[in-house]
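Results of the structural survey
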Amino acid sequence: MKTNLIEVYIQEVTRRLPEKMRSDIALELRSTIGDMLPNHHTEADVKDVLNQLGNPAVLANGYKDQPMHLIGPRYFDVYMSLLKMIVPIAAVVSLITIITKYFIGFSGEEAILNSILSFVGEGIWTLIQVGIQVFFWLTITFALLERFDKDKEQLPLTSGLEKWTAEDLKNVAYISKQKTISKLEIFGSLMWTAIWVTLYFYANQIIGVYEGDGGRLEFVMPALNQDVLQQYGLIVLIIAGLEIAFALYKLLKEQWTKRMAIGNTVLEVISTIVFIIILIKPNFLSEEFVVYITNLFTITKEQFNMWLIGGAIIILIITAAINIYDGFKKAKV
């Protein structure tokens, strides 16, 4: 019985090892166990020695010099940071695609409720798929890094994949709760950019007069002149690109700073000026839409333009001022 326990233990260790290592490790273990046992040992002595050696799986892993975990403490912090960064970006890109597809493909023939439910369903399923894909490939990447890493100390790494030292604390600023930029805020910024860009470039198919009943709407006429909008298409794309870059910059910095507040101000001022210039173009509103509204409400063309364009300009200026003030307020906390 005593010999059997020892042989079973050795078997449990060696079966977890590569074939070429088994014979040598088995001999080594028999020798080690024999040295640890007293001359006239009992079954209790054998069990005591085997308990000291520990779980056969853990012992075998020590011989293989490979981690038993998928992603250990060395890479876990970097892995989680990248996961939190990449998933929102991938989700926004996917949602942009879905929003664009639904806006372009909406003909008004399908019931609005069905369209909304279909959009929400596809959006949720797409987000789940994106999350699984990002999680899978990032996990595989870090699992491979874990197994091919030859560093014996296996100390946790910083975001730059270097060993942590106290010097790293000099590069980390204390972030108060008021200055913190949440992932939700960044996600909202990216989503808003995706929505207004889609509305801008497909305005003649989305923004306008809809007619219908019974939950079915038909697009009758566009409200905006797409030719005027296309004249500023490149500038608008640059502004959208700057907004996305700024959102990603906020994701990296994680807090409001004076430099960030200044950058936010410049972006708000430029975008406000550009959109005011577009709004005051003589043919910004489609002639057909202006005639329809003026006849509907019995007002003059000049009154309608003053009300709609003037109101839009005031909203743009007030929104920009609030965003600028909010940025500097958070940066000064």
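Residues numbered from 1 in each chain as written. Predicted model: local features only at pLDDT ≥ 70, side-chain atom pairs only at ≥ 80, totals over all residues. Heavy atoms only, no water.

Examining the environment of Ile99
For Ile99, the location among the structural elements is in helix H5 (residues 73–105). For Ile99 and Phe119, which are 20 residues apart along the polypeptide, the C-alpha to C-alpha distance reads 8.1 Å. Among all residues touching Ile99, those that are not within four sequence positions of it are Phe119, Met191, Ile195 and Thr198. (Helix = DSSP H or I, 4+ residues; strand = E, 2+ residues; numbered from the N terminus. Contact = heavy atoms within 4.5 Å.)

Observations concerning helix H2 (residues 19–36)
Spanning 18 residues, H2 covers 26 Å between terminal C-alpha atoms, matching the ideal 26 Å at 1.5 Å per step. Listed as buried for H2 are Ile25, Ala26, Leu29 and Ile33. (Expected span 1.5 Å × (residues − 1). Buried < 20%, exposed > 50% of the residue type's maximum accessible area, 1.4 Å probe, protein only.)

As for a nonpolar patch on the surface
On the surface, Val120, Ile124, Trp125, Ile128 and Ile132 cluster together into a nonpolar patch covering about 490 Å² of accessible area. Along the chain, Trp125 turns up in helix H6 (residues 112–148). (Patch = residues over 30% accessible without salt bridge, like charges linked within 9 Å, V, L, I, M, F, W, Y side chains within 5 Å. Areas by Shrake-Rupley, 256 points an atom, 1.4 Å probe, with all protein chains shown as cover. Salt bridge = Lys/Arg side-chain N within 4 Å of Asp/Glu carboxyl O.)

Considerations on the side chain of Thr294
Looking at the secondary structure, you find Thr294 in helix H12 (residues 287–297). The buried category is assigned to Thr294, whose relative accessible area is 11%. In this structure the side chain of Thr294 is engaged in a polar contact, spanning 3.0 Å, whose partner is the backbone oxygen of Val291. Among residues more than four places away in sequence, those in contact with Thr294 are Ile299, Thr300, Lys301 and Phe304. (Polar contact = N/O pair within 3.5 Å; in protein donor to acceptor, adjacent residues only side chain to side chain.)

Section: the pattern of salt bridges
Under the definition given, this model contains eight salt bridges. Between Glu19 and Arg22 there is a salt bridge, with its nearest N and O atoms 3.1 Å apart. In this pair, Glu19 and Arg22 both sit in helix H2, three residues apart, roughly one turn of the helix. A relative accessible area of 28% means that Arg22 is categorised as partly exposed. One salt bridge connects Lys330 with Asp326, and the closest N-O pair in it is separated by 3.3 Å. In this pair, Lys330 and Asp326 are both assigned in helix H13 (residues 301–332), four residues apart and thus about one turn of the helix distant. With relative accessibility at 21%, the residue Lys330 sits in the partly exposed group. Residue class for Asp326 comes out partly exposed when judged on its relative accessible area of 31%. Beyond isolated ion pairs, a larger network of salt bridges with shared partners links Glu12, Arg15 and Arg16.

Notes on the nonpolar core
Of all hydrophobic cores here, the largest spans 26 residues; its most connected members are Trp196, Tyr200, Val236, Ile278 and Phe284. Contributing elements (two or more residues each) for this core: helix H7 (183–201), helix H10 (233–253), helix H11 (258–279), H12 and H13. If sequence neighbours within four positions are ignored, Ile278 has contacts with Tyr200, Leu229, Tyr232, Val236 and Phe284. By size, the runner-up hydrophobic cluster in this structure holds 14 residues, among which are Tyr9, Leu17, Leu29 and Ala60. (Core = buried A, V, L, I, M, F, W, Y, C linked by side-chain atoms within 4.5 Å.)

So, the confidence of the model for the protein chain
When the pLDDT values of the protein chain are averaged, the result is 80; 82% of them are 70 or greater. Considering each helix and strand of the protein chain separately, the mean pLDDT is smallest for H5, with a value of 74, and largest for H11, with 94. (pLDDT = per-residue confidence, 0-100.)

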